[in-house]
There are 2 protein chains.
Amino acid sequence: MSDDPGEAFVIRRLLAARPPLAVPPVDAGADDACVLEDGTVISSDALVEDVHFDARWSPADVGWRAVATNVSDLGAMGARPDWLTLALALPAPLDRAWVDGFAAGLGAALAAFRVRLVGGDTLRGPAVVASVTVGGRAARPVRRSGGRPGDQLWVTGRPGMAGLGFAHGPNPALLRPQPPVGLGVALAENGLVNAMMDISDGIARDLPRLCAASGVGAWVDPAALPPLEGLPPGVDPLPLQLGFGDDYELLVAAPPAHGRSIAALAAAHGTCATPVGRLTPDREVVLAGRPWPGAAFSHFSPPAAAPC
Amino acid sequence: MSDDPGEAFVIRRLLAARPPLAVPPVDAGADDACVLEDGTVISSDALVEDVHFDARWSPADVGWRAVATNVSDLGAMGARPDWLTLALALPAPLDRAWVDGFAAGLGAALAAFRVRLVGGDTLRGPAVVASVTVGGRAARPVRRSGGRPGDQLWVTGRPGMAGLGFAHGPNPALLRPQPPVGLGVALAENGLVNAMMDISDGIARDLPRLCAASGVGAWVDPAALPPLEGLPPGVDPLPLQLGFGDDYELLVAAPPAHGRSIAALAAAHGTCATPVGRLTPDREVVLAGRPWPGAAFSHFSPPAAAPC
């Protein structure tokens, strides 16, 4: 979800047109995915050619991405992905080699994230559009709204690596994102975290969303952010670390007492988790300890309504 | 799903790329929707501008259609729709009046079919692409594969009315399809039917699919097909009744002893059900009682693999 006003308009109108129903409404705006009454968690995300990917991505990378971006949303709720549907629009004439590559990447991601392709639709379209819906279960779903002042803020992995790949030559973080889905499920099921989300839009946009949902502010130490491997000399890492997104890592708010358990669980899942700041009572989201890299980072803009 | 060889290629490749998993595979090819172990039923369908709709459809009609075509797949399995996600790609610049109309039609259909919009994604695209996934529950799911020789074949409503609207001036059947979802659920829950599917691709394509899944043939009496209201003089109704599709009515195979109950249940749901033939042991799908309207109808072509 972007903060684009046109997109916010579309979402507002779609949500406003929902009819009143006898069944309780589902909050479709606040989290990475929606939680139904029975613990089913559902998320939808689509990829459009030349918007979400371009010629740098092989068709196999696009197939991988269609799965990875969606299971990331479930892991960020503490939900284990189970099934996935795909609606795939392809331009005519059909590029069969592209389809073969896409299917190979899709299949690799289905295996890696242990999710079943249970249905879909294929159709002609003016460009490649891959719309995925993924469903699963959360025993203890974690929302964005549970953060409390004093919580420690954590990020998994190395936010900014995808941005580095975008700006300075494609790398695996950009082309084959590896959202820590199993870690998200484990953090939730072990009751270690108060709030969680993925940072697919970048910390600069996503942290204010978590803060708004939780009714808190945040203080982030830029020096604590994990360094970017392969950063060219003279390049400021901060815009990549905070502003780019597409990392599909987790942003977590947790009681400080859980720090050792969180770090250990991350290591057990083959990744790292780094404390980068804390939640504050004052509702401001601030960077500390160095000059602001730009106006966009001094006070983050207010988050737009975003469906899951 | 069409029998287009390009589409069949895409589906084949996607299905072949699915990894072996420890969990049992879900049959994603044979029915209108997929049934998971816990009775959850899921279906995906997308609409593309200038492929599935054009300027004849108002934006509200497109919004209605995005819901109706999907809940039709669930009703055809005997499943009650519960939730729906929407990924909506829209060209830039954003046409706000179009979005308002789409949202109104979507909301009207959500209310009519009692289904909740629980999530989605909005994005820029080269044309309007509306990808919907719908989920629900079936207490007694009905598949295409349960038909037996001797079963009576029924259709609901008046197949061909959407085709009439397409060929001779838009009508409500074309612009605002009303799939008999409640009737499909009632037929299933009352154990009245052996096999069921919707005829979104037309009887000429869909009946052979039901027959192939059930390992049977069929005999259809064209004179028994419900007449088309408003048919212009001199127009042969049969190509519309059998070949066009987009009617989102039900095709049902049921023991002859259930005929009175089926007709009564259809009437109770505000529609009609008409016996049009029977299933046969010989695996041929034939029209009887009048000259064939064309080669396409003498022996229907074999069905393509189609995901749900």
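Residues numbered from 1 in each chain as written. Chains lettered and ligands numbered in written order. Predicted model: local features only at pLDDT ≥ 70, side-chain atom pairs only at ≥ 80, totals over all residues. Heavy atoms only, no water.

## Brief notes about the sheet that holds strand β11 (residues 285-287) of chain A
All names here are of chain A.
Thought 1: A sheet is described by the order of its strands in space; here six strands give the open sequence β7-β9-β6-β10-β8-β11, paired in mixed fashion. Two strands bound the open sheet, and with one partner strand each, they are β7 (195-198) and β11. Put simply, the sheet's adjacent strands are angled 25° from each other on average, direction ignored.
Thought 2: Where β7 meets strand β9 (residues 250-254), four bridges bridge the pair, whose relative direction is antiparallel. If you follow Met196 over to β9, its bridge partner there is Val252.
Thought 3: Running over the sheet, helix α9 (residues 259-268) touches β6 (152-156), β9 and β10 (273-280) and is turned about 5° from β6. (Pairing = 2+ DSSP bridges. Helix = DSSP H or I, 4+ residues; strand = E, 2+ residues; numbered from the N terminus. Axes fitted to C-alpha atoms, helices over the stretch in contact; angles between N-to-C directions. Contact = heavy atoms within 4.5 Å.)

## Concerning the relation of the copies chain B and chain A
Thought 1: For the pair chain B and chain A, the relating rotation is 180°, the translation along its axis is 0.0 Å, and the fit reaches an RMSD of 0.0 Å. Such values leave the two copies arranged in the relation of a two-fold axis. (Least-squares fit on C-alpha atoms with pLDDT ≥ 70 in both.)

## Observations regarding α9 of chain A
Residues and elements named next belong to chain A.
Thought 1: Inspection of α9 places Gly259, Ile262, Leu265 and Ala266 among the buried residues, and these make up the whole buried set. Buried residues of α9 fall within an arc of 130° about the axis and therefore sit on the same side. The exposed residues of α9 that point more than 90 degrees off its buried face are Arg260, Ala267 and Ala268.
Thought 2: For α9, the elements touching its buried residues are β6, α6 (181-189), β9 and β10.
Thought 3: Backbone geometry just after α9 places Gly270 at a positive phi near 75°. (Buried < 20%, exposed > 50% of the residue type's maximum accessible area, 1.4 Å probe, protein only. Arc of directions from axis to C-beta.)

## Here we look at the nonpolar core
Thought 1: Counting 42 residues, the largest nonpolar core has Val67, Leu86, Leu88, Phe102 and Phe113 of chain A as the members making the most contacts within it.
Thought 2: Breaking this core down by element, the ones donating at least two residues are β2 (40-48), α2 (59-75), β3 (80-90), α3 (96-113), β5 (129-137) and α5 (172-175) of chain A together with α1 (5-16) of chain B.
Thought 3: When residues in this core are grouped by element, the largest group, eight residues, is from α3 of chain A.
Thought 4: Excluding anything up to four places from it in sequence, Phe113 of chain A contacts Trp64, Val67, Ala68, Val71, Pro177, Gln178, Pro179 and Val181 of chain A.
Thought 5: One finds Ala33, Leu86, Leu110 and Val115 of chain B within the second-largest nonpolar core, a separate group that totals 41 residues. (Core = buried A, V, L, I, M, F, W, Y, C linked by side-chain atoms within 4.5 Å.)

## Let's talk about the environment of Leu106 of chain A
Thought 1: Relative to the assigned elements, Leu106 of chain A resides in helix α3.
Thought 2: Since its relative accessible area comes to 0%, Leu106 of chain A is described here as buried.
Thought 3: Apart from residues no more than four positions distant in its own chain, Leu106 of chain A is found in contact with Gly63, Trp64, Val67, Leu86 and Leu117 of chain A together with Leu14 of chain B.

## Some details on the packing of aromatic side chains
Thought 1: Scanning the model with the defined rule gives seven aromatic pairs over all chains in all.
Thought 2: Here Phe166 of chain A and Phe244 of chain A contribute two aromatic rings whose centre-to-centre distance is 5.1 Å and whose plane-to-plane angle is 40°, an arrangement assigned as tilted. Here Phe244 of chain A lies in helix α8 (residues 238-244) and Phe166 of chain A lies in helix α4 (residues 161-168), a separation of 78 residues in the sequence.
Thought 3: Residue classification places Phe166 of chain A among the partly exposed positions, given a relative accessible area of 36%.
Thought 4: Pairing Trp64 of chain B with Phe113 of chain B gives two aromatic rings, centres 5.6 Å apart and planes at 55°, and the pair type is tilted. Taken together, the positions of Trp64 of chain B in helix α2 (residues 59-75) and Phe113 of chain B in the loop between α3 (96-112) and β4 (116-124) put the pair 49 residues apart, joining distant regions of the chain. Just as Trp64 of chain B is buried, Phe113 of chain B falls in that class too.
Thought 5: A cation sits over an aromatic face here: Arg56 of chain A above Phe166 of chain A, 4.3 Å from the ring centre.
Thought 6: Its guanidinium or amino end placed over the ring of Trp219 of chain B, Arg278 of chain B lies 4.6 Å from that ring's centre, counting from NZ or CZ. (Phe/Tyr/Trp six-rings, centres within 6.5 Å; stacked < 30°, edge-to-face > 60°. Lys NZ or Arg CZ within 6 Å of the ring centre and 35° of its normal.)

## Considerations on the pattern of salt bridges
Thought 1: Taken as a whole and assessed by the stated rule, the structure comprises 22 salt bridges over all chains.
Thought 2: We note a salt bridge from Arg176 of chain A to Asp61 of chain A, for which the minimum N-O separation is 2.8 Å. Of the two residues, Arg176 of chain A sits in the loop between α5 and α6 while Asp61 of chain A sits in helix α2, which places them 115 residues apart along the sequence.
Thought 3: The class for Asp61 of chain A is buried, based on a relative accessible area of 7%.
Thought 4: For the salt bridge of Arg65 of chain B with Asp246 of chain B, the shortest nitrogen-to-oxygen distance reads 3.2 Å. Residue Arg65 of chain B is located in helix α2, and its partner Asp246 of chain B is located in the loop between α8 (238-244) and β9 (250-254); the two are separated by 181 residues in the primary sequence. (Salt bridge = Lys/Arg side-chain N within 4 Å of Asp/Glu carboxyl O.)

## Concerning the packing of α2 of chain B against helix α6 (residues 181-189) of chain B
In a packed pair of helices, the relevant descriptors are the angle between the two axes and the axis-to-axis distance.
Residues and elements named next belong to chain B.
Thought 1: Where α2 meets α6, the closest approach of the two axes is 8 Å, and the angle between their N-to-C directions is 10°. Considering their axes alone, α2 and α6 lie roughly parallel with respect to each other. Across from Val71, Ser72 and Gly75 in α2, the residues of α6 making contact are Val181, Gly184 and Val185.
Thought 2: By residue class, the composition of the contact of α2 with α6 is three nonpolar, three polar and no charged. (Parallel < 35°, antiparallel > 145°, perpendicular 65-115°, else oblique. Nonpolar A, V, L, I, M, F, W, Y, C, P; charged D, E, K, R; others polar.)

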